[in-house]
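Coordinates in review
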Amino acid sequence: MIAGTGRQHRGWIWVGLPGILILATTTLLFGILLVVQRVPIGPMYWDLYIYFDAVQRLRTGQIPAVDFFMPAGPLFYWIFDGALRVLPNAQPLLLISWSVLLITGPAMAVACTAAARRSLTESLLYLLPFLLFTALPFNTQEYYPFPGSDGFGIYNRHGAQLLYVLVVTVLALRNTFLTAVMIAILMLALFLTKITAFAAGGLVCLFALATLRIPFRHALIAAAIFLITLTILEFIYRLPSAYLVDVLTLIRMNEGSLLPRYMQGASMNIVPLLGGGVLALLTLGWPAGGEIPADGARWMQWHERVAARLDRLGLWIILTLLASLIYETQNTGSQAMIAAIPPALLACQRIMRSERSMASVVRVAMAGLLVMPLAGVVIERAARTWIGAIKNEAIAAPDLKTIGHVTARPFFVRQAEVHLKVALQHRDTFETFIEEGELPSPLRYSDFEFQIRLIWMMDALVRQLRQIEERRGIRFDTIMTLDFTNPIGWAMDRNAPKHIPIGADPNRTVPEPDARIIEAVQATDLAVLPTCAPRANSAHLLRIYGPHLKQHRRVRLTPCYDGFVHPSLAGSLASQPSSSAETQEAGPQSETGSPSLQQ
């Protein structure tokens, strides 16, 4: 009796272990958010500023997709807004990266607890990689030779982690109403995160339906929950239809690059694809659920027999690899292919139970080729970044709130100072690059010195704008930037013009201005143009929006920014040096943005 009670007690601990581990990890990450105020700066760190732009628009009453064009779904803009209200001083990259746990944490707890009732090993095989990729917010590809925080690909990582949880859900949960509810929530989250993630998740769900892991009645329930939620959002905000219009616009703008992006996605993940592909071929005959009974032909319905034939580990690996590849076609920076890890590790569990043979060794090796490159590169990059940060120094940006909470090696700080000096003295050199349609370096926007200079420039701009407003007795209520991101509104608690895209890549995410955009640009109080050194993206944006700023007066705001001031406010800046937006719209001015050189 005592022994039986002990086994029962131990069984409950095992079943509850996944939830305990998720709760402990979440608590640890929350503690880190309270303590760690800065992270090492990294390549393309300015992608993070998109979230600040979006949150400020939300707080000034704008509706995603309806009032501003988005490069991705709105879900994590809403979540980041809420997270900032709870932890306003938290390091923003860590905050937005870990906020995905609000959705994935409970879902994984439910799925892994269900798996633990059958096998604790299976449950931990699902859970431990998830905790690793969630806790370490790094991409599985490197885009820069020096280690740093991945401030880009954030919503791509969110989508990859949600897709991972969806795969675990359909593998771990068996024929319950809860399965339908969780699938509806996860598919809604994927839809509102990125449309390609939703497409990949839809492929997973269709295969789960074909294998009867999702019974048809539960699929109808999940679809009903999904559609009812979207209908409510449409009725209140008109968001889903506007979001789909934005998606179609992005597809039209990028349709010529779709096939090359597939090839790029495959080539960048060739090792996991090869390892997973070979593993899939070697496990095609292995059932992912249970074996078909010997007398199954007599009592099983025909569709049940077909489903049992499809429910094979090898097919699940192929399916998740394909879904991941579909998702990665439009991603720059992500935790690519991690959705294929659950069925691959499930195959490893079966291998460990089978007889030892050379075939088993080959299968384990192929599983390793799929899993280890993904996990290994994330662990390595996290270690290099944080160990190398021991000698980092803080970047001073007191007027940017938490936007500038980063550190950098003294070498990169010195490099940023030199580049500012060069930008001041050699303006023509950078204008030549623009005229030739080339960047000074293919890694221009990844360079740490560029990201450091941008923080200095924006900090000086915010400080100068406040001084101008105080001296002149005016207020710039609506501020736009002729740049990739616009965190100035967040730093100054101001509006951004409606209908202007956030994450403005003129080659991929900036549609031709329509009447609404033209009206918003013409009405903006201040449009700011970064000018040290001249950049191709800002020059391109100036060519797009410059014709609609002709009535604005161009003035020099700081050594690194020009401003286009609305006619109603321009008279208050009569003493500022100015130039015509019409005559110089294609040639941004070059200045220096060092904090020591600001006006």
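Now for a look at the structure at hand.

Moving on, we come to the state of the cysteines. Here the structure, examined in full by the defined rule, presents 1 disulfide. With a sulfur-sulfur separation of 1.6 Å, Cys532 is cross-linked through a disulfide to Cys560. What sets the handedness of the Cys532 and Cys560 disulfide is the S-S torsion sign, and at about 85° it is right-handed. In this pair, Cys532 is assigned in the loop between strand 5 (526-530) and helix 24 (536-545) and Cys560 in the loop between strand 6 (553-558) and strand 7 (561-565), connecting sequence segments 28 residues apart. We classify Cys532 as buried; its relative accessible area is 2%. Overall, Cys560 belongs to the buried group, its relative accessible area being 1%. Cys112 carries a free sulfur, and the closest cysteine sulfur to it, the one in Cys348, is 17 Å from it. Residue Cys112 is classed as buried on the basis of its relative accessible area, which comes to 0%.

A surface patch of nonpolar side chains, about 570 Å² in accessible area, is lined by Ile228, Ile232, Phe235, Ile236 and Tyr237. Of note, Tyr237 is situated in helix 10 (residues 216-237). Under the relative-accessibility criterion, Tyr237 is labelled partly exposed at 38%.

Counted according to the given criterion, the structure contains 21 salt bridges. Close ionic contact of Asp53 with Arg57 constitutes a salt bridge, the shortest N to O distance being 2.9 Å. In this pair, Asp53 and Arg57 both sit in helix 2 (residues 49-59), 4 residues apart, roughly one turn of the helix. Asp53 sits in the buried class, given a relative accessible area of 3%. The salt bridge involving Arg556 is made with Asp562; its shortest N-O contact spans 4.0 Å. On the accessibility criterion, Arg556 (29% relative accessible area) is partly exposed. On the basis of relative accessibility, which here comes to 2%, the residue Asp562 falls in the buried class. Put simply, Glu142, Asp150, Arg381 and Arg384 are held in one network by salt bridges that share partners.

By secondary structure assignment, the location of Leu369 is in helix 18 (residues 358-387). Along the backbone, Leu369 and Val66 are 303 residues apart, and their C-alpha atoms lie at a distance of 44 Å. Residues contacting Leu369, with those up to four places away along its chain left out, are Val271, Pro272 and Gly275.

Turning our attention to helix 24. Most of helix 24 sits inside the fold, with 7 of its 10 residues counted as buried. In this fold, the buried residues of helix 24 make contact with helix 20 (427-436), strand 4 (479-481), helix 23 (515-523), strand 5 and strand 7.

Each neighbour pair has its own omega, and for Cys532 with Ala533 the value is -5°, a cis peptide bond. By the secondary structure assignment, Ala533 is in the loop between strand 5 and helix 24. The phi angle at Leu212 is positive, at roughly 65°, despite the residue not being glycine. Mapped onto the elements of the fold, Leu212 is located in the loop between helix 9 (195-210) and helix 10. We classify Leu212 as partly exposed; its relative accessible area is 36%. Non-glycine residue Arg238 carries a positive phi angle of around 60°. Take Arg238: it is sitting in the loop between helix 10 and helix 11 (239-254).

One open sheet accounts for 3 strands, arranged 1-3-2; its pairing is mixed. Every interior strand has two partners, whereas the edge strands, strand 1 (39-40) and strand 2 (393-394), have only one. Pairing of strand 1 with strand 3 (residues 406-408) involves 2 bridges; the strand directions are parallel. Paired with Val39 across the two strands is Val406, which belongs to strand 3.

Considering the arrangement of structural elements, one finds Asp246 in helix 11. With no salt bridge to any partner, buried Asp246 finds its closest opposite charge in Arg516, at an N-O distance of 6.5 Å. In contact with Asp246, not counting residues within four places along its chain, are Ala65, Phe68, Phe69 and Met70.

Cut-offs and rules
- Residues numbered from 1 in each chain as written.
- Predicted model: local features only at pLDDT ≥ 70, side-chain atom pairs only at ≥ 80, totals over all residues.
- Heavy atoms only, no water.
- Disulfide = S-S within 2.5 Å.
- Helix = DSSP H or I, 4+ residues; strand = E, 2+ residues; numbered from the N terminus.
- Buried < 20%, exposed > 50% of the residue type's maximum accessible area, 1.4 Å probe, protein only.
- Patch = residues over 30% accessible without salt bridge, like charges linked within 9 Å, V, L, I, M, F, W, Y side chains within 5 Å.
- Areas by Shrake-Rupley, 256 points an atom, 1.4 Å probe, with all protein chains shown as cover.
- Salt bridge = Lys/Arg side-chain N within 4 Å of Asp/Glu carboxyl O.
- Contact = heavy atoms within 4.5 Å.
- Pairing = 2+ DSSP bridges.
- Lys, Arg positive; Asp, Glu negative; His and termini not counted.

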